[in-house]
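Chain by chain, the residues run as shown.
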Amino acid sequence: MKTGDEDWHRQRTGTIRSRSDLPESFRLHPSESEYFTYTPSAGEESRLGFAVTPYYLSLIGIGENDPVRRQAIPTVNEYQTLPCESDDPISDRAFSPVERLVHRYRDRALILVTDECAVYCRHCFRRHFASRRRGSLSDSQLQNCIDYLNTKPEVHEVILSGGDPLTLEDSRLLKIIGKIVKGVRRKLVIRLATRVPVVMPQRITPALAAALQDTGTIYIITQFNHRNEITPRSTQAVRELNRAGIPVLNQTVLLRGVNDNLTALEELFQTLLEIKVKPYYLFQGDLATGTSHFRVPLDRGMELYRQLRTRISGLAMPVYAVDLPGGGGKIPLTEAYLDHIIDEGEGKKYQFTGPDGRHYYYPLERQ
Ligand SMILES: *Cc1c(COP(=O)(O)O)cnc(C)c1O
Ligand code: SF4
């Protein structure tokens, strides 16, 4: 199929899901082919499925460290697990009062709509859920979420996440949003967390954008991690959403070998602003299993962020934040939250005081 195919279903059916699906001209690097031939021992099973849309594959340039390639093509490094890592690094499970719903903050709740994504990001932090073939939210699970939200009038915002909610067909997605808005509160703000504008922009049809806008107050939060992902096609997808009246914001993950330098971040945030996407968060990498090769030391992240402020406008600046391991929630990485560095024999760690007053820790060295 052609990479420019406009029907997003063709992107789905043409999705590359195994080594043999890759075009013959696509040569794997040693660490990549090793991933596909590696035999995991017990307890070391592969943690995340493999899927790349033809469109996203076409953005891969030359060189082993191409920023799109690093996000899309797995390497054997994913089998390297560190003691500080977990399949559930921000403790979603501990904050899940009903199946498929995570309620960590008083006024907002998150619903895991599906475990499928158009592309599985090799740095994915929700590896205990994404690609695990649990399928999409069932009607009874949805009803349980609605019943729960009806006991929590303080919730003003519902985040639809996953997985990627935009892998669902329009009818199913709109039905879910409609049921939540009608079944809970009309004034609810709905936030759709999706990488689809980046990895499968064909999905954002004018019809979908208009229908989403009709369901209520919708915000789209997407994840551009590198300037090379901002193409005429992804720009068009953003324009469709904006035209329908849907604001688009962006969460970037700070990723080693992808965007961990000043120029990459500056270009990314400046260009996002130009296509009317507001940079919202820049995330320190979560301690997800098998992602150590992506993590940037926290002090390096802080230094990059400090320098970034001298280069781009306040409007282009995201908030640099860490989702505290253990479920403390997201906190901005400013000196205000950082107590000090401690060492209790398991290596040096940063100690943070979370909004709840409790202490949380993040390792100092790249781990
Ligand atoms: C990230 C997250 C949110 C949203 O947090 P914001 O700071 O408002 O972007 C809400 N609920 C859960 C469970 C989250 O992980
Ligand atoms: S789109 Fe989100 S849930 Fe899916 S693989 Fe990427 S980071 Fe994980």
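It should be noted that the structure appears before, not after, this text.
The structure reproduced in this document is the subject of the present report.

Calculation notes
Along every chain, residues carry numbers that run from 1 in the direction the sequence is written. Chain A is the first chain written and ligand 1 is the first ligand written, with later ones labelled in order. Owing to the predicted nature of the model, reporting of local features is limited to residues with pLDDT of at least 70; listing and counting of side-chain atom pairs is limited to 80 or more, with chain, interface and lining totals taken over all residues. Only hydrogens and water are set aside when side-chain values are computed; all heavy atoms of the structure are taken into account. By convention in these notes, a residue is near a molecule or strand provided one of its non-hydrogen atoms lies within 4 Å of it. A 3.5 Å cut-off defines polar contacts: any pair of N or O atoms within that distance qualifies, except that in protein one atom must be a possible hydrogen donor and the other a possible acceptor, and neighbouring residues in sequence count only when both atoms are side-chain atoms. A 1.4 Å probe and the Shrake-Rupley method give the accessible areas. Residues count as covered only by the protein chains that appear here. Helix numbers and strand numbers start at the N terminus; a helix is a DSSP run of H or I with at least 4 residues, a strand a run of E with at least 2. Classes in brief: Ala, Val, Leu, Ile, Met, Phe, Trp, Tyr, Cys and Pro nonpolar; Asp, Glu, Lys and Arg charged; the others, Gly included, polar. We count a salt bridge whenever a side-chain nitrogen from Lys or Arg sits within 4 Å of a carboxyl oxygen from Asp or Glu. Exposure is judged per residue with a 1.4 Å probe applied to protein chains only, and the accessible area is read against the type maximum: over 50% gives exposed, under 20% gives buried, and values in between give partly exposed. Note on contacts: a residue pair is in contact if any heavy atoms of the two residues lie within 4.5 Å. Pairing between strands is defined by DSSP: at least two bridges between them are needed. Angles shown run from 0 to 180 degrees and are taken between the N-to-C directions of axes, each axis being a line fitted to C-alpha atoms and, for helices, limited to the stretch in contact.

1. Thoughts on the site of ligand 1
Logical step 1: Taken together, Val 102, Arg 104, Tyr 105, Arg 108, Leu 110, Ile 159, Arg 191, Tyr 280, Tyr 281 and Lys 330 make up the full set of residues near ligand 1.
Logical step 2: A distance of 2.7 Å separates an oxygen atom of ligand 1 from a polar atom in the side chain of Tyr 280.
Logical step 3: Within the side chain of Tyr 281, an N or O atom sits 2.7 Å from an oxygen atom of ligand 1.
Logical step 4: Compared with its free state, where it exposes 380 Å², ligand 1 has 92% of that area covered by protein.
Logical step 5: Of all elements in the fold, only strand 1 (101-105), strand 2 (108-114) and strand 7 (278-283) reach the threshold of two or more residues within the shell around ligand 1.
Logical step 6: For the shell around ligand 1, a count of residues per class yields six nonpolar, no polar and four charged.

2. What about the pattern of salt bridges?
Logical step 1: Throughout the structure, instances matching the rule amount to 18 salt bridges.
Logical step 2: Two residues, Arg 108 and Asp 107, come together in a salt bridge whose shortest N-O distance is 2.8 Å.
Logical step 3: A relative accessible area of 28% means that Asp 107 is categorised as partly exposed.
Logical step 4: One salt bridge connects Asp 323 with Lys 330, and the closest N-O pair in it is separated by 3.6 Å.
Logical step 5: In the salt-bridge network here, residues are joined through shared partners; they are Glu 78, Arg 122 and Arg 127.

3. Overview of the environment of Pro 67
Logical step 1: Tracing the backbone through its elements, the reader meets Pro 67 in helix 4 (residues 67-72).
Logical step 2: Beyond its immediate sequence surroundings of up to four residues, Pro 67 is in contact with His 226, Asn 228 and Val 258.

4. Brief notes about the site of ligand 2
Logical step 1: The local shell around ligand 2 consists of Cys 117, Val 119, Tyr 120, Cys 121, Cys 124, Gly 162, Gly 163, Arg 195 and Gln 223.
Logical step 2: The class makeup of the residues in the shell around ligand 2 is five nonpolar, three polar and one charged.

5. Some remarks on the sheet that holds strand 5 (residues 217-222)
Logical step 1: Read across the open sheet, the nine strands follow the order 1-2-3-4-5-6-7-8-9; overall the sheet is mixed. Strands with a single pairing partner mark the edges of an open sheet, and in this sheet they are strand 1 and strand 9 (329-332). Across the sheet, the mean angle separating the axes of adjacent strands is 30 degrees when strand polarity is ignored.
Logical step 2: In the sheet, strand 3 (residues 157-162) pairs with strand 4 (residues 189-193) via four bridges, with the strands oriented parallel. The partner of Leu 160 across the bridge, within strand 4, is Leu 192.
Logical step 3: Packing of helix 6 (residues 170-183) onto the sheet brings it into contact with strand 2, strand 3, strand 4 and strand 5, and relative to strand 4 it is tilted by some 150 degrees.

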